[in-house]
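Listed below, chain by chain, are the residues.
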Amino acid sequence: MMNDMEFLTALTRVGFSGELQAIDLSANVGELSDEKINEYVMKAAAIARSETDKIYRNFSASPFAHGAVTLFFKNGILSRLSLSAAPLPEKAVWRLFSTGAEIIFTENGDFAEMKKAELDAPTEKIYKKDFK
Amino acid sequence: MKTIAVIGLGNRGGVYCSYFKTDEKVKIVSVLDVSADALKEAREKYGVEEKNLFSDEEEFFKEKRADVALIATLDRLHYRQTMKALSLGYDVILEKPVSPSYEECKKIADAAKAAGKKVIVCHNLRYTPFYMTMKILLSEGAIGDVVSFEQAENVGFGHYMCSFVRGKWKSSEETSPIILQKCCHDLDIIYWMIGKKCVKLSSFGSLGFYRAEHAPENAAVKCVDCVYKDCPYNAKYFYLKSPESLCVPYGFDKSEENIVKYLSDDDNPYGKCVFKSDNDVSDRQTVNMLFEGGITATLLMHGFANATHRITKIYGTKGVMYGSLEKGVITVETYDGKKYEKDVNKSIKGVSHSGGDERLSRDVAEYLDGGRKAIGISFVEDSVYSHKLAFSAEESKLTGKEIYPGDNL
Ligand SMILES: NC(=O)c1ccc[n+]([C@@H]2O[C@H](COP(=O)([O-])OP(=O)(O)OC[C@H]3O[C@@H](n4cnc5c(N)ncnc54)[C@H](O)[C@@H]3O)[C@@H](O)[C@H]2O)c1
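A. Spatial organisation of the overall build of chain B. Across its full length, chain B carries 13 helices and 14 strands. The C-alpha atoms of chain B give a radius of gyration of 22 Å, which matches the 22 Å a tight globule of 409 residues would have. Principal-axis analysis of the C-alpha atoms places the extent of chain B at approximately 60 × 55 × 45 Å. Expressed as a percentage of contacts within chain B between residues at least 6 apart in sequence, the contacts between residues at least 24 apart total 70%. Counting every atom, chain B has about 16200 Å² of accessible surface; 49% of that belongs to carbon and sulfur. Looking at chain B, you have 56 positive and 59 negative side-chain charges, and the mean spots of the two groups are 3 Å apart.

If you want it as structure tokens, here you go:
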């Protein structure tokens, strides 16, 4: 079965998705190290399929590490990666907005939720296992 | 009871008046509007006497016509009309943005102070049961002190193209940049909840999609003439399916035939191809901020959601709370393992802006009539600071520099 990033990048390539425009991540992680931040920057770049044009990092350390990286990719995709290391379970939720659909996916989940950019479009579930 | 003079009875003026009409604490007694349709509406819907209807601004401002002026004209008229109203001794209810010029915003705040008058800015998000409940939860210490704030304004593509590609706010020069026009509400919510000043910020953004190079081959300028009949942005296709999204004058008959005729008019921007309009405002923007005390906050805005939805997540020293304004459910999780939800849907009255418009109208009327000051009431000084974040963000977006908004207005 596909891993999370393969699944997400594949989802943005299918016909209904149109062109990806914005990537939003909200993640609570166990430890918020530079390595962790870079890992998420790389993930966003993989989804955007582009190199970074501009990047801004803004983090604080107290009472736990928290902050965000904002990124502008060379292909115009804009991204915000909000990261924190609060004393809560780890969880990372991606929201992708493209001209054809918006997609929500929680890392380690089995499916993504998708709404097409049409009036009154229903929420559809797309399962990783069914996705090639 | 306080009397109200309405300056600009368009869409927003009409929303507030529809609530004021049934509120015994206020009475609409006079209207200034350059549109004959608006004055007709004032006469028919609000029973304003003929002698108190004005289409000439100079004539209207010759004397004071009421206790309070509701100013709901487009952005670039706010400064001139608010200054005139203050000089005549009105208290003012002012639509946001205060002004597209930061200098003018400050002058309004100074003039209000000098005149000893109130200028209440219509930050209707503050009055929504959703954000009001979040504010109360914060003040009760439900999640401790704010540590970090994540705000997303996912603008629905239908709303975006209607207002920011074809509509009144498509041009920064004519009205104001989208980070001020649309996101001044989000920046106000962030500032209101955090209650501290912003130390530095950076903003990225652009108009990436709704541009000429994305027009399909042979697309017509006017959608009614276009071969791409079921393009999701086709004005005829979209507005016939969603006539409520169409901006039309008072009394417009929204029959299919009439809508098509309206969209066929060469001068009507709502009938134009979204890739061939004269829009220039960003269709995506982020603001990444550091507040005093090491609090971080970010805003993401874009015009590519299925339908408009705002998502807010606030981490505190004791827990986190989050939810979507449109769903109306706030989840609180504390670091000692408790989790609960607050469903605010039952307290939502009035459909516009998730209940914010109705509550704003009621709370402001009560306050101006000498009653209680609701927690949402936002005076111009506060709004000018949150507007300053928007001006700083736009400067950062355009110059690529980090900006230090600082303490002062
Ligand atoms: N609080 C919110 O959520 C919210 C939402 C949308 C718009 N707004 C703000 O509300 C304001 C009004 O927007 P709208 O959508 O109602 O616009 P609108 O165009 O529907 O209404 C403006 C009215 O002003 C009238 N007018 C024009 N020139 C005038 C003049 N010189 N004197 C008197 N009246 C004049 C027009 O005829 C019209 O009736 C804008 O500043 C906008 O930014 C706020």
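B. Spatial organisation of the site of the ligand. All names here are of chain B. In the vicinity of the ligand, 28 residues are found, and the nearest of them are Asn11, Arg12, Asp33, Asp75 and Lys168. In the model, an oxygen atom of the ligand is placed 3.1 Å from a nitrogen or oxygen of the Thr73 main chain. Contacts to the ligand include Asp75, whose side-chain N or O atom sits 2.7 Å from an oxygen atom. With the chains in place, 85% of the 860 Å² that the ligand exposes on its own is no longer accessible. The set of elements that each furnish at least two residues to the shell around the ligand consists of helix H1 (11-20) and helix H4 (78-87). In terms of residue count, H1 provides more of the shell around the ligand than any other element does, three residues in total. Among the residues forming the shell around the ligand, the class breakdown is 10 nonpolar, 11 polar and seven charged. Mapped onto the domain boundaries, the shell around the ligand takes at least three residues apiece from domain 1 (2-121) and domain 2 (125-210 + 279-350 + 379-399).

C. Molecular detail of the environment of Leu290(B). Along the chain, Leu290(B) turns up in strand E9 (residues 284-291). By relative accessible area, Leu290(B) is classed as buried at 16%. For the pair formed by Leu290(B) and Ser148(B), sequence separation is 142 residues and the distance between their alpha carbons is 9.3 Å. Those residues in contact with Leu290(B) that lie beyond four places of it in its chain are Asn58(A), Ser60(A), Cys198(B), Val199(B), Lys200(B), Ile295(B) and Thr296(B).

D. Local environment of the pairing of strand E2 (residues 52-60) of chain A. Residues and elements named next belong to chain A. Strand direction decides the pairing type here: E2 and strand E3 (residues 66-73), joined by eight bridges, are antiparallel. Bridging from a neighbouring strand, Ser60 pairs with His66 of E3. Hairpin connection between E2 and E3: a loop of five residues separates the two successive antiparallel strands.

E. Main features of the packing of aromatic side chains. Residue and element names in this part refer to chain B. Scanning the entire structure with this criterion turns up 27 aromatic pairs over all chains. Seen in terms of ring centroids, Tyr210 and Phe304 are 5.9 Å apart; in terms of plane orientation they differ by 10°. Their pairing is stacked. With Tyr210 in the loop between strand E8 (198-206) and helix H10 (235-241) and Phe304 in strand E10 (residues 295-305), the pair connects residues that are 94 residues apart, well separated along the chain. Residues Tyr210 and Phe304 agree in their burial class; the two are buried.

F. Inspection of the sheet that holds strand E5 (residues 91-98) of chain A at higher detail. Residues and elements named next belong to chain A. In spatial order, the strands read E2-E3-E4-E1-E5-E6-E7-E8; together these eight strands make up an open sheet with mixed pairing. Only two strands of the sheet have a single neighbouring strand rather than two, namely E2 and strand E8 (123-127). Each strand axis lies, on average, 15° off the axis of its neighbour in the sheet, ignoring direction. Examined bridge by bridge, E3 and strand E4 (residues 78-84) share seven bridges and lie antiparallel to one another. Bridge assignment links Val69 to a residue of E4, and that residue is Leu81. Its contacts with the sheet place helix H1 (residues 4-11) against E5, strand E6 (101-106), strand E7 (111-116) and E8, and it is angled at close to 175° to E6.

G. Spatial organisation of the side chain of Ser30(B). All names here are of chain B. Along the polypeptide, Ser30 turns up in strand E2 (residues 26-32). For Ser30, the side chain forms a polar contact with the main-chain oxygen of Asn52, separated by 2.8 Å. Those residues in contact with Ser30, other than ones at most four positions away along the chain, are Ile4, Ala5, Val6, Val48, Asn52, Phe54, Phe60 and Arg65.

H. Expanded view of the environment of Val165(B). All names here are of chain B. Within the secondary structure, Val165 sits in helix H7 (residues 157-165). For Val165, a relative accessible area of 0% puts it in the buried group. Taking the C-alpha atoms as reference, Val165 lies 37 Å from Ile136; in sequence the two are 29 residues apart. When sequence neighbours within four positions are dropped, the list of residues in contact with Val165 reads Tyr160, Lys170, Tyr210, Val274, Ser277 and Asn279.

I. Empty space enclosed by the protein, seen in detail. Tallied over the entire structure, the rule returns two cavities of 30 Å³ or more. Within this model, the largest cavity holds a volume of roughly 90 Å³. Lining of the largest cavity is provided by 13 residues; of these, Ala219(B), Cys223(B), Cys226(B), Cys231(B) and Cys273(B) occupy positions nearest its centre. A breakdown of the residues in the lining of the largest cavity according to their chemical character gives 11 nonpolar, one polar and one charged. Of the pockets and cavities examined, the second largest cavity occupies roughly 50 Å³. Every residue lining the second largest cavity is listed: Gly67(A), Ala68(A), Ser82(A), Ser148(B), Phe149(B), Glu150(B), Asn288(B), Thr296(B), Ala297(B) and Thr298(B). Breaking the lining of the second largest cavity down by element, the ones donating at least two residues are E3 of chain A together with strand E7 (146-156) and E10 of chain B.

J. Quick peek at the interface of chain B and chain A. Between chain B and chain A, the residue contacts involve 48 residues of the former and 44 residues of the latter. Of the roughly 3400 Å² buried between chain B and chain A on both sides combined, carbon and sulfur atoms contribute 61%. Summed over the three residues of chain B that lose the most area to chain A, namely Phe204(B), Asn288(B) and Asn306(B), the buried surface amounts to 20% of that side. At the boundary of chain B and chain A, one finds zero salt bridges. Summed over the shared surface of chain B and chain A, the number is 19 residue pairs in polar contact (both at pLDDT 80 or more).

K. Just the domain arrangement of chain B, in detail. Residue and element names in this part refer to chain B. Taken domain by domain, chain B consists of domain 1 (2-121), domain 2 (125-210 + 279-350 + 379-399) and domain 3 (218-271). For domain 1 versus domain 2, the distance between C-alpha centres works out to 27 Å. Each partner contributes residues to the interface: domain 1 has 21 residues there, and domain 2 has 20 residues. The interface formed by domain 1 and domain 2 contains zero salt bridges. In this structure, the connection of domain 1 to domain 2 is made through nine residue pairs in polar contact (both at pLDDT 80 or more). Going through the elements one at a time, H1, helix H5 (102-115) and strand E6 (119-121) are the ones with two or more residues in the side of domain 1 that touches domain 2. Broken down by element, the residue count for the side of domain 1 that touches domain 2 peaks at six residues, all from H5. For the side of domain 1 that touches domain 2, the class distribution of residues is 13 nonpolar, three polar and five charged.

Reading the values: the criteria
- Residues numbered from 1 in each chain as written.
- Chains lettered and ligands numbered in written order.
- Predicted model: local features only at pLDDT ≥ 70, side-chain atom pairs only at ≥ 80, totals over all residues.
- Heavy atoms only, no water.
- Helix = DSSP H or I, 4+ residues; strand = E, 2+ residues; numbered from the N terminus.
- Rg over C-alpha atoms; globule rule 2.2 N^0.38 Å.
- Contact = heavy atoms within 4.5 Å.
- Areas by Shrake-Rupley, 256 points an atom, 1.4 Å probe, with all protein chains shown as cover.
- Lys, Arg positive; Asp, Glu negative; His and termini not counted.
- Charge placed at Lys NZ, Arg CZ, Asp CG, Glu CD.
- Near = heavy atom within 4 Å.
- Polar contact = N/O pair within 3.5 Å; in protein donor to acceptor, adjacent residues only side chain to side chain.
- Nonpolar A, V, L, I, M, F, W, Y, C, P; charged D, E, K, R; others polar.
- Domains from an automatic or database assignment.
- Buried < 20%, exposed > 50% of the residue type's maximum accessible area, 1.4 Å probe, protein only.
- Pairing = 2+ DSSP bridges.
- Phe/Tyr/Trp six-rings, centres within 6.5 Å; stacked < 30°, edge-to-face > 60°.
- Axes fitted to C-alpha atoms, helices over the stretch in contact; angles between N-to-C directions.
- 1 Å grid on protein atoms, 1.4 Å probe; cavity = no way out; pocket = protein on both sides within 12 Å on 5 of 7 lines; lining within 4 Å.
- Points joined across faces, edges and corners; volume = space filled by probe spheres on them.
- Buried area = accessible area lost by both parts, 1.4 Å probe.
- Salt bridge = Lys/Arg side-chain N within 4 Å of Asp/Glu carboxyl O.

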